[in-house]
Amino acid sequence: SNDPYGKTLTETFPTFQAARARLLSVTNLEDSTGILVAGPRQRLAAFRFERELSDASAEFRVTSLTFQVSKSSDVTLSNAVLRGRDAGDDHGCTVGQMTVTCSDIPAGHGIVGEAGRVLELYADIAVTGAVPNPFLQVTINDPGTVDTVGHISWTDGTTTFTWVQFEQPVVRGIRLR
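Criteria and thresholds
- Residues numbered from 1 in each chain as written.
- Predicted model: local features only at pLDDT ≥ 70, side-chain atom pairs only at ≥ 80, totals over all residues.
- Heavy atoms only, no water.
- Helix = DSSP H or I, 4+ residues; strand = E, 2+ residues; numbered from the N terminus.
- Buried < 20%, exposed > 50% of the residue type's maximum accessible area, 1.4 Å probe, protein only.
- Contact = heavy atoms within 4.5 Å.
- Disulfide = S-S within 2.5 Å.
- Salt bridge = Lys/Arg side-chain N within 4 Å of Asp/Glu carboxyl O.
- Pairing = 2+ DSSP bridges.

Caption draft 1: Representation of the overall build of the chain within the structure. Summing up its helical and strand segments, the chain has one helix and 14 strands in all. Considering only C-alpha atoms, the chain reaches an extent of 75 × 40 × 25 Å along its principal axes. In the chain, which comprises 177 residues, the share counted as buried stands at 40%. In the chain, of all internal contacts separated by at least 6 residues, the share reaching a separation of at least 24 is 75%.

Next up, the structure:
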């Protein structure tokens, strides 16, 4: 029809996004607890990502991850890297006070295929011994919303998304103590 449509200033519409793929699950592949071992290249997490495609030409790829770090005051992390299982190299990450951020994840690590993808986080761990019961755990905490950036960014091969449809926390890693 050629009838005009006018929107009043008080009328609102929900925000939405359409994608050619979606993240089905992120699961912890480790036990719930483990032994905290100081040293270089210690594995902090192993998470399996599963996806679903609605378009055969879509390519699901994780492009950025932020891990929230819970630790005792005497535990220090450095030299964090992300490794996609079967990838030939490591991808460097940035260690903050209470986060590890892995940005610009290359396709060799981030593509999630039909069988899923396991992403592992490694870092050098130092423990001073100043606390009687030291601990360390990483979590992908914030799923974000269609309007806010979360801890997982991904692409369907066309569009980049900064949220997933999960509850908070998205997934907890092994609790090392």
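That covers the picture; the talk isn't over yet.
Caption draft 2: Here's a closer look at the side chain of threonine 66. Considering the arrangement of structural elements, one finds threonine 66 in strand 4 (residues 61–71). When neighbours within four sequence positions are excluded, threonine 66 is seen to be in contact with Thr99, Val100, Thr101, Thr139, Ile140 and His151.

Caption draft 3: Focus on the state of the cysteines. Under the criterion given, the structure shown has one disulfide. What pairs with cysteine 93 in a disulfide is cysteine 102, and their sulfur atoms sit 2.1 Å apart. Looking along the S-S bond of the cysteine 93-cysteine 102 disulfide, the torsion reads about 100°, which is the right-handed sense. No difference in accessibility class separates cysteine 93 from cysteine 102, as the two residues are buried.

Caption draft 4: Up close: the pattern of salt bridges. Within this structure, the stated rule accounts for eight salt bridges. The salt bridge involving arginine 41 is made with aspartate 90; its shortest N-O contact spans 2.6 Å. Of this pair, arginine 41 sits in strand 3 (residues 39–53) while aspartate 90 sits in the loop between strand 5 (75–84) and strand 6 (91–92), and the two are 49 residues apart along the sequence. Of the residues examined, arginine 41 reaches a relative accessible area of 43% and is grouped as partly exposed. Linking glutamate 120 and arginine 43 is a salt bridge whose minimum nitrogen-to-oxygen distance equals 2.7 Å. In this pair, glutamate 120 is assigned in strand 9 (residues 117–127) and arginine 43 in strand 3, connecting sequence segments 77 residues apart. Residue classification places arginine 43 among the partly exposed positions, given a relative accessible area of 34%. Through salt bridges that share partners, Glu30, Arg43, Arg85 and Glu120 make up one connected network.

Caption draft 5: Quick peek at the pairing of strand 5. Pairing of strand 5 with strand 9 involves eight bridges; the strand directions are antiparallel. Following the sheet pairing, arginine 83 is matched in strand 9 by glutamate 120. Summarising the sheet, strand 5 and strand 6 pair through two bridges and their orientation is antiparallel. Of the residues in strand 6, the one forming a bridge with valine 81 is glycine 92. In this antiparallel pair of consecutive strands, strand 5 and strand 6, the connection spans six residues, and aspartate 86 shows a positive phi of 75°.

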